[in-house]
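The chain contents come next:
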Amino acid sequence: MLLGVNIDHVATLRNARGDKDPNVSAAAIICEMAGADGITTHLREDRRHIKDSDVYELKKILKTRLNLEMAVTEEMQKIALELLPENCCLVPEKRAELTTEGGLDVCAQIEKITKFVQPLNKAGIIVSLFIDPDLKQIDAAKKTGAAFIELHTGSFSEAFGTVDEQVEFDKLKNAARYAQSIGLKVNAGHGLTYENVHRMKEIPELVELNIGHNIVAKALFVGLENAVRQMKDLIK
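Source: prediction; values computed, not measured. (Residues numbered from 1 in each chain as written. Predicted model: local features only at pLDDT ≥ 70, side-chain atom pairs only at ≥ 80, totals over all residues. Heavy atoms only, no water.)

1. Some thoughts on the overall build of the protein chain
Regarding its fold elements, the protein chain presents 10 helices and eight strands. Here the C-alpha radius of gyration of the protein chain, 17 Å, is about what a compact globule of 236 residues would show, namely 18 Å. If you line up the protein chain on its principal axes, its C-alpha atoms span 45 × 40 × 35 Å. Counting only residues that meet the buried cut, the protein chain has 50% of its 236 residues in that class. (Helix = DSSP H or I, 4+ residues; strand = E, 2+ residues; numbered from the N terminus. Rg over C-alpha atoms; globule rule 2.2 N^0.38 Å. Buried < 20%, exposed > 50% of the residue type's maximum accessible area, 1.4 Å probe, protein only.)

2. Some details on a nonpolar patch on the surface
On the surface, a nonpolar cluster with roughly 410 Å² of combined accessible area is contributed by Leu-13, Leu-220 and Phe-221. Look at Phe-221 and you get exposed, because its relative accessible area is 75%. (Patch = residues over 30% accessible without salt bridge, like charges linked within 9 Å, V, L, I, M, F, W, Y side chains within 5 Å. Areas by Shrake-Rupley, 256 points an atom, 1.4 Å probe, with all protein chains shown as cover. Salt bridge = Lys/Arg side-chain N within 4 Å of Asp/Glu carboxyl O.)

3. Some thoughts on the environment of Ala-147
Considering the arrangement of structural elements, one finds Ala-147 in the loop between α6 (135-144) and β6 (148-152). Here the alpha-carbon distance between Ala-147 and Leu-184, two residues 37 residues apart in the chain, equals 5.8 Å. Aside from chain neighbours lying at most four places away, what touches Ala-147 is Ile-126, Val-127, Leu-184 and Lys-185. (Contact = heavy atoms within 4.5 Å.)

4. Looking at helix α3 (residues 52-61)
For α3, every residue scored as buried is listed here: Asp-54, Val-55 and Leu-58. One side of α3 carries all its buried residues, which in axial view fall inside an arc of 90°. α3 presents Ser-53 and Lys-60 as exposed residues on the side facing more than 90 degrees away from its buried surface. (Arc of directions from axis to C-beta.)

5. Comments concerning the environment of Ser-25
Positionally, Ser-25 belongs in helix α2 (residues 24-33). Note on Ser-25: relative accessible area 14%, which makes it buried. Spatially, the C-alpha atoms of Ser-25 and Leu-90 are 23 Å apart, while their sequence positions differ by 65 residues. Each residue touching Ser-25, except ones within four places of it in the same chain, is listed here: Glu-57, Leu-58 and Ile-61.

6. Quick word on the pairing of strand β5 (residues 126-131)
Among the six residues of β5, five are classified as buried, and the element is accordingly described as predominantly covered. Across four bridges, the pairing between strand β4 (residues 87-90) and β5 is parallel. Residue pairing for β5: Cys-88 is matched across the bridge by Val-127. Relative to β6, β5 runs parallel, the two being bridged by four bridges. Looking at the pairing, Phe-130 lines up with Glu-150 of β6. Following the backbone out of β5, through α6 and into the adjacent parallel β6, one traces a crossover that is right-handed. (Pairing = 2+ DSSP bridges. Right-handed = clockwise from strand over helix to strand, strands pointing away.)

7. Quick notes on the pairing of strand β2 (residues 38-42)
Each regular strand shows side chains that alternate between the opposite faces of the sheet. In terms of burial, β2 is a largely internal element, five of the five residues being buried. Residues Gly-38, Thr-40 and His-42 of β2 are buried on one face, and the alternating residues Ile-39 and Thr-41, pointing to the opposite face, are buried as well. Pairing of strand β1 (residues 2-6) with β2, which is carried by three bridges, proceeds in the parallel orientation. Counterpart to Gly-4 in the pairing with β2 is Gly-38. Direction of pairing for β2 relative to strand β3 (residues 66-70): parallel, over a ladder of four bridges. Following the sheet pairing, Thr-40 is matched in β3 by Asn-67.

8. A few points about the sheet that holds β2
Within a sheet, neighbouring strands are paired by backbone hydrogen bonds and run either parallel or antiparallel to one another. Here eight strands make up a closed barrel; going around it, the order is β1-β2-β3-β4-β5-β6-β7-β8 and the pairing parallel. The sheet shows a mean angle of 25° between the axes of neighbouring strands, taken without regard to direction. Pairing of strand β7 (residues 185-189) with strand β8 (residues 206-211) involves four bridges; the strand directions are parallel. The residue of β8 that forms the bridge with Asn-187 is Glu-208. With respect to the sheet, helix α5 (residues 110-122) is in contact with β3, β4 and β5, its orientation differing from that of β5 by roughly 150°. (Axes fitted to C-alpha atoms, helices over the stretch in contact; angles between N-to-C directions.)

The analysis is restricted to geometry; functional conclusions fall outside its scope.
Structure below.
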């Protein structure tokens, strides 16, 4: 299983003082050296953490892959087609949210998303849709032409250690199995931690986990390189 490291919150810390430190590109290089298989960034509409200049610089220097998380908007599509990241993950986005609150409702906007995905596919960008572990959403995702889905693991993460853990885990496991059966590749992410990530190894269909906040938080105590290495060890 691969590990994509989301470095958005390195940028959050940098932006708190409006300076250049900590340097986002330097953080990405450290993550790669520590074994990250890709670097994920969410270029939000309000640019609250990652900036346009960050993603263009990352595209130049990365030796692995740049996974650009973005909303389904004309502005973001234009940036992606100019930037040409290796991967794009389409996510829902609300200005007031602290972090992404749920999966993309593909069923409700299948025509819009299909039209959005087509030029990205033609440009050679591998597209994933960030969705809840819902079979109807998976069917809709398949119809859009996206190659991947990324299962939203937030509900599982919130339920971890409670009586609801297994119920939420089974939703992920069943969704991954179904998605693969209809020809979709499957990633997962959101809210995963050093304490709960081991359960993802019970889902053989998963290709990659995208994890950010918990790794950056751990890095404050053990350093970014060690934090990435520890997470990588847990998902081997």
